[in-house]
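A structural walkthrough
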Amino acid sequence: MAPTLRMGMVGMGNAGLAFISAIQNHTDFEWVAFVEPHETTKVTHETRWGVKGYTDLSAMLASELLDVVCIASPTEHHTRQALEAIAAGLHVLVEKPMAATLEDARTMVRAASDQGVILLVGHSHSYDMPILKMREVVASGRLGAVRMAHNWCFTDWIYRPRRPDELSASSGGGVTLRQGSHQFDILRLVCGGRVRSVRARTYDWDRTRPAIGAHCVYLDFEDGAVATAVYNGYGGFQTSELVEGLSEWGFPQPARGWDVKRRGQIVGNSQDELRAKQERAGKVIPDHAPFHPFFGITVVSCEGGDIRQSPQGLRLYTAEGVEEIVYPTDRSPRELVLDELAGAIHGRVAAVHDGGWGMANLEICLAAISSSERATEIFLTEQRAVPL
């Protein structure tokens, strides 16, 4: 039996709280401490969870015996906090996007390599069971080579309660960095990982809510496959209408859709919005769901047929007809993140979503923004293949 890995959590917003149940249910991990800079909130979480809290990372590192640090703080803090944990000899799980700049990402990757620790980037929706299984079908060669893949997602992302940094591209915010991270991760996983170039348009079309709120991105892979990532976060049409009425997290949507934050109903950067953001923490990402998560609609076209996600797993469309492949829903995506992290730390598996992989996803996000600004194709340098 491998020793239990003691984990400290940095950040107790939606991203951090979403991991708690997965950590508590996982046999490889024990949650022993957390960092929450606001004293009142820290005490509230200590009372609720029975876990020791600290107001800064240095204090937690000095006081606790840890093996892993999960960094779920705002993106602008990721690099500093990851480097501090790595310098202490700890493995790091950091939320996407891993950093706001490629240079920061390179610094994190280099530090983890020099220290000999694991740096993993996630959660992203490429950890969803159907996406992992899509990759298995592609890798098996059963349907031949991938020629096209698409992920299209329509939500109300831009009108949900946000901190200012979540809307600022320079701080790692906006749809392309925060939601494109999911899309590009999915598309790279199913298409083999190595993107040659990016052509994109990003959009900021609501003056009352200035931020990148939509994009259309074209990815050209080195082996000849192509992919599109379309995201519209302005709260009109919903992708759930295309995916049998299911939400991003695998729950049936009401017929009227989610509670869309329509134009003009949110005053950006107001105290009311920040309060709404805090009240929403821990309530929007469930532990388990009756169906698999749907991050938009993903369709993969291979030489021998097409693959798309279904509520129960996958549907394969071939000359023989339509085949439904069912997968269990008893493991949450974040439990699958922890599977990969523990496997990499204990030497059981090679990590797919390591720092280099996360840096390649970030490169695409930044290239998409640059392509739109410059109206040109951007050629990439940090891409890598999916480990076999």
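Look above for the structure.
Residues numbered from 1 in each chain as written. Predicted model: local features only at pLDDT ≥ 70, side-chain atom pairs only at ≥ 80, totals over all residues. Heavy atoms only, no water.

Broken down by element type, the chain carries 11 helices and 15 strands. For the chain, whose C-alpha radius of gyration is 20 Å, the value lies close to the compact-globule estimate of 21 Å for 388 residues. With respect to the principal axes defined by its C-alpha atoms, the chain has extents near 60 × 55 × 40 Å. Of all intrachain contacts in the chain linking residues separated by at least 6 positions in sequence, the fraction that spans at least 24 positions is 70%. When the accessible surface of the chain is totalled, it reaches about 16,000 Å², and 51% of it is carbon and sulfur. A distance of 4 Å separates the average location of the 38 positive side-chain charges in the chain from that of its 47 negative side-chain charges. (Helix = DSSP H or I, 4+ residues; strand = E, 2+ residues; numbered from the N terminus. Rg over C-alpha atoms; globule rule 2.2 N^0.38 Å. Contact = heavy atoms within 4.5 Å. Areas by Shrake-Rupley, 256 points an atom, 1.4 Å probe, with all protein chains shown as cover. Lys, Arg positive; Asp, Glu negative; His and termini not counted. Charge placed at Lys NZ, Arg CZ, Asp CG, Glu CD.)

Right, let's talk about the packing of aromatic side chains for a bit. Each pair of aromatic rings is reported with the distance of its centres and the angle of its planes. Per the stated rule, a full pass over the model turns up 7 aromatic pairs. One aromatic cluster is present, built from ring pairs that chain together Tyr159, Tyr203, Trp205 and Tyr234. The ring centre of Trp357 lies 3.6 Å from the NZ or CZ of Arg188, which sits over that ring. (Phe/Tyr/Trp six-rings, centres within 6.5 Å; stacked < 30°, edge-to-face > 60°. Lys NZ or Arg CZ within 6 Å of the ring centre and 35° of its normal.)

Turning our attention to empty space enclosed by the protein. Applying the stated criterion across every chain, the model contains 3 cavities of 30 Å³ or more. Reported here for the largest cavity is a volume of approximately 130 Å³. Lining the largest cavity are 14 residues, with Ala289, Pro293, Arg331, Ser332 and Pro333 positioned closest to its centre. Tallied by class, residues from the lining of the largest cavity come to 8 nonpolar, 4 polar and 2 charged. Taken together, 13 residues line the second largest cavity, and the ones lying closest to its centre are Lys96, Val121, Asp185, Gly358 and Asn361. At the level of elements, α8 (180–191) and α11 (355–374) are the ones that each hand at least two residues to the lining of the second largest cavity. It is α11 that provides the largest number of residues to the lining of the second largest cavity, a total of 4 residues. Of the residues assigned to the lining of the second largest cavity, the class counts are 5 nonpolar, 6 polar and 2 charged. (1 Å grid on protein atoms, 1.4 Å probe; cavity = no way out; pocket = protein on both sides within 12 Å on 5 of 7 lines; lining within 4 Å. Points joined across faces, edges and corners; volume = space filled by probe spheres on them. Nonpolar A, V, L, I, M, F, W, Y, C, P; charged D, E, K, R; others polar.)

Attention now moves to the layout of surface pockets. Rolled over the atoms, a probe sized like a water molecule indicates the empty space that remains. Space inside the second largest pocket adds up to approximately 500 Å³. Around the second largest pocket sit 18 residues that line it, and Leu132, Glu136, Glu340, Val352 and His353 are the ones nearest its centre. When contributions to the lining of the second largest pocket are tallied by element, the ones reaching two or more residues are α6 (129–140) and α10 (333–345). By residue number, the principal contributor to the lining of the second largest pocket is α6, which donates 6 residues. Of the residues that constitute the lining of the second largest pocket, the class distribution is 12 nonpolar, 1 polar and 5 charged.

All right, on to the side chain of Ser247 then. The topology assignment puts Ser247 in the loop between β10 (226–232) and α9 (271–280). The contacts of Ser247, once residues within four sequence positions are left out, are Gln253 and Phe294.

A few words now on the pairing of strand β11 (residues 297–302). In terms of burial, β11 is largely enclosed, as 5 of its 6 residues are buried. Pairing of strand β7 (residues 146–154) with β11, which is carried by 6 bridges, proceeds in the antiparallel orientation. By the bridge assignment for β11, Ala149 is matched with Val300. Taken together, β11 and the strand that follows it, strand β12 (residues 305–309), pair antiparallel across an intervening segment of 2 residues. (Buried < 20%, exposed > 50% of the residue type's maximum accessible area, 1.4 Å probe, protein only. Pairing = 2+ DSSP bridges.)

In terms of nonpolar packing, the biggest core is built from 82 residues, with Met60, Val69, Met98, Val198, Leu219, Val300 and Ile307 touching the most fellow members. Contacts of Met60, omitting those with residues within four sequence positions, involve Gly8, Met9, Val10, Ala33, Phe34, Val35, Tyr54, Leu66 and Val69. Of all hydrophobic cores here, the second largest spans 26 residues; its members include Leu5, Met9, Ala72 and Ala351. (Core = buried A, V, L, I, M, F, W, Y, C linked by side-chain atoms within 4.5 Å.)

Glancing now at the sheet that holds strand β15 (residues 378–379). Here we have 9 strands laid out as an open sheet, ordered β14-β13-β12-β11-β7-β10-β9-β8-β15, and mixed in their pairing. A strand with exactly one partner marks an edge of an open sheet, and here the two such strands are β14 (321–326) and β15. Two strands pair when backbone bridges link them, and β7 and β10 are joined in this way by 7 bridges, in the parallel orientation. From the neighbouring strand, Asn151 faces β10, where its bridge partner is Ala229. Strands in contact with α6 are β7, β11, β12 and β13 (313–318); relative to β12, the strand with the most contacts, it is inclined by about 165 degrees. Against the sheet, α8 contacts β7, β8 (195–203), β9 (214–221), β10 and β11, and its axis sits at roughly 160 degrees relative to β7. (Axes fitted to C-alpha atoms, helices over the stretch in contact; angles between N-to-C directions.)

Let's shift gears to α8. With 12 residues, α8 extends 16 Å from end C-alpha to end C-alpha; this agrees with the ideal 16 Å at 1.5 Å per step. Burial analysis of α8 places 12 of its 12 residues in the buried class, which makes it a mostly covered element. Residues of α8 that are buried include every one of Gly180, Ser181, His182, Gln183, Phe184, Asp185, Ile186, Leu187, Arg188, Leu189, Val190 and Cys191, and no others. Immediately beyond the C-terminal end of α8, within one or two residues, lies Gly192, with a positive phi of roughly 105 degrees. (Expected span 1.5 Å × (residues − 1).)

Attention now goes to the environment of Lys52. Among the structural elements, Lys52 can be located in strand β3 (residues 52–54). Among the residues examined, Lys52 registers a relative accessible area of 42% and is labelled partly exposed. Counting along the chain gives 44 residues from Lys52 to Gly8, while the straight-line C-alpha distance between them is 9.6 Å. Those residues within four positions of Lys52 in sequence are excluded, and the remaining contacts are Val32, Ala33, Phe34, Glu46 and Glu64.

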